[in-house]
Amino acid sequence: MGLGVLKRCWAIAVGMMASTPAVAEVCDKVRPAWNPANGPINQFEDLALFFIEPLGLIVLVLTIAAILLRKIWLTAIVVALLFAVTALNISTWIEADDVTNFAISEGCIAAPVLTTITLIAICAIILTNTWRSSRRRKQAV
């Protein structure tokens, strides 16, 4: 009886130490919009997949609102969000964990170079648009 309990404890301990995400089930959780039949994604597909995911849609809607409304407080919020998302993308890539490494090996994640450049360009567009609008208001007064 003591030997059976010891074997079970050993099996549980080894199972807990060796548990890693299953390679075949990583991409359906990390990138549900990606289809494995299309093969590994490139930079443009990564950018497109970013903007159809919930976080990308929030960024897109807030960006459009900031461009149309030209309010300084909204611009500040959107720029802060864009910098946070950019930092998250970069840190996820640089400090890749097992899930990210499996997703890279499966091909559903590419390096976020184009996505990062696009987010920084959106920040620049929003800031320039709001700055020009505030200058025009000051000159009109």
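Structure: see above.
A brief look at the structure comes next. (Residues numbered from 1 in each chain as written. Predicted model: local features only at pLDDT ≥ 70, side-chain atom pairs only at ≥ 80, totals over all residues. Heavy atoms only, no water.)

Some remarks on the pattern of salt bridges
Counted under the stated rule, the structure contains three salt bridges. The salt bridge partner of Lys 29 is Asp 28, with a shortest N-O separation of 3.6 Å. The exposure class of Lys 29 is exposed, given its relative accessible area of 59%. With a shortest N-O distance of 2.7 Å, Arg 31 and Glu 53 are connected by a salt bridge. Residue Arg 31 is located in the loop between α2 (27-30) and α3 (43-52), and its partner Glu 53 is located in the loop between α3 and α4 (54-69); the two are separated by 22 residues in the primary sequence. (Salt bridge = Lys/Arg side-chain N within 4 Å of Asp/Glu carboxyl O. Buried < 20%, exposed > 50% of the residue type's maximum accessible area, 1.4 Å probe, protein only. Helix = DSSP H or I, 4+ residues; strand = E, 2+ residues; numbered from the N terminus.)

Side note on the side chain of Thr 115
Relative to the elements of secondary structure, Thr 115 occurs in helix α7 (residues 113-140). Using a relative accessible area of 2% as the deciding quantity, one classes Thr 115 as buried. Of note is the side chain of Thr 115, whose polar atom sits 3.4 Å from the side chain of Asp 46. Contact partners of Thr 115, with chain neighbours within four places excluded, come to Asp 46, Leu 47, Phe 50 and Asn 89. (Polar contact = N/O pair within 3.5 Å; in protein donor to acceptor, adjacent residues only side chain to side chain. Contact = heavy atoms within 4.5 Å.)

Some details on unusual backbone geometry
We note that Arg 70 has phi near 55°; this positive angle belongs to a residue other than glycine. Assessed through its relative accessible area of 31%, Arg 70 is described here as partly exposed.

With respect to α7
In a regular helix each residue adds 1.5 Å, so 28 residues correspond to 40 Å; α7 covers 41 Å between its end C-alpha atoms and thus fits that length. For α7, every residue scored as buried is listed here: Thr 115, Thr 116, Leu 119, Ile 122, Cys 123, Ile 126, Asn 129, Thr 130, Ser 133 and Ser 134. The secondary structure elements touched by the buried residues of α7 are α3, α4 and α5 (72-94). (Expected span 1.5 Å × (residues − 1).)

What to know about the nonpolar core
Among the nonpolar cores identified, the biggest contains 14 residues, and Phe 51, Val 59, Val 78, Leu 82, Leu 119 and Ile 126 are the most heavily contacted of them. When residues of this core are traced back to their parent elements, those giving at least two are α3, α4, α5 and α7. Of the residues forming this core, the biggest block, five residues, is contributed by α5. Each residue touching Leu 119, except ones within four places of it in the same chain, is listed here: Phe 50, Phe 51, Val 59, Leu 82, Val 85, Thr 86 and Asn 89. Membership of the second largest hydrophobic core comes to nine residues, among which are Ile 41, Leu 49, Ala 103 and Ile 109. (Core = buried A, V, L, I, M, F, W, Y, C linked by side-chain atoms within 4.5 Å.)

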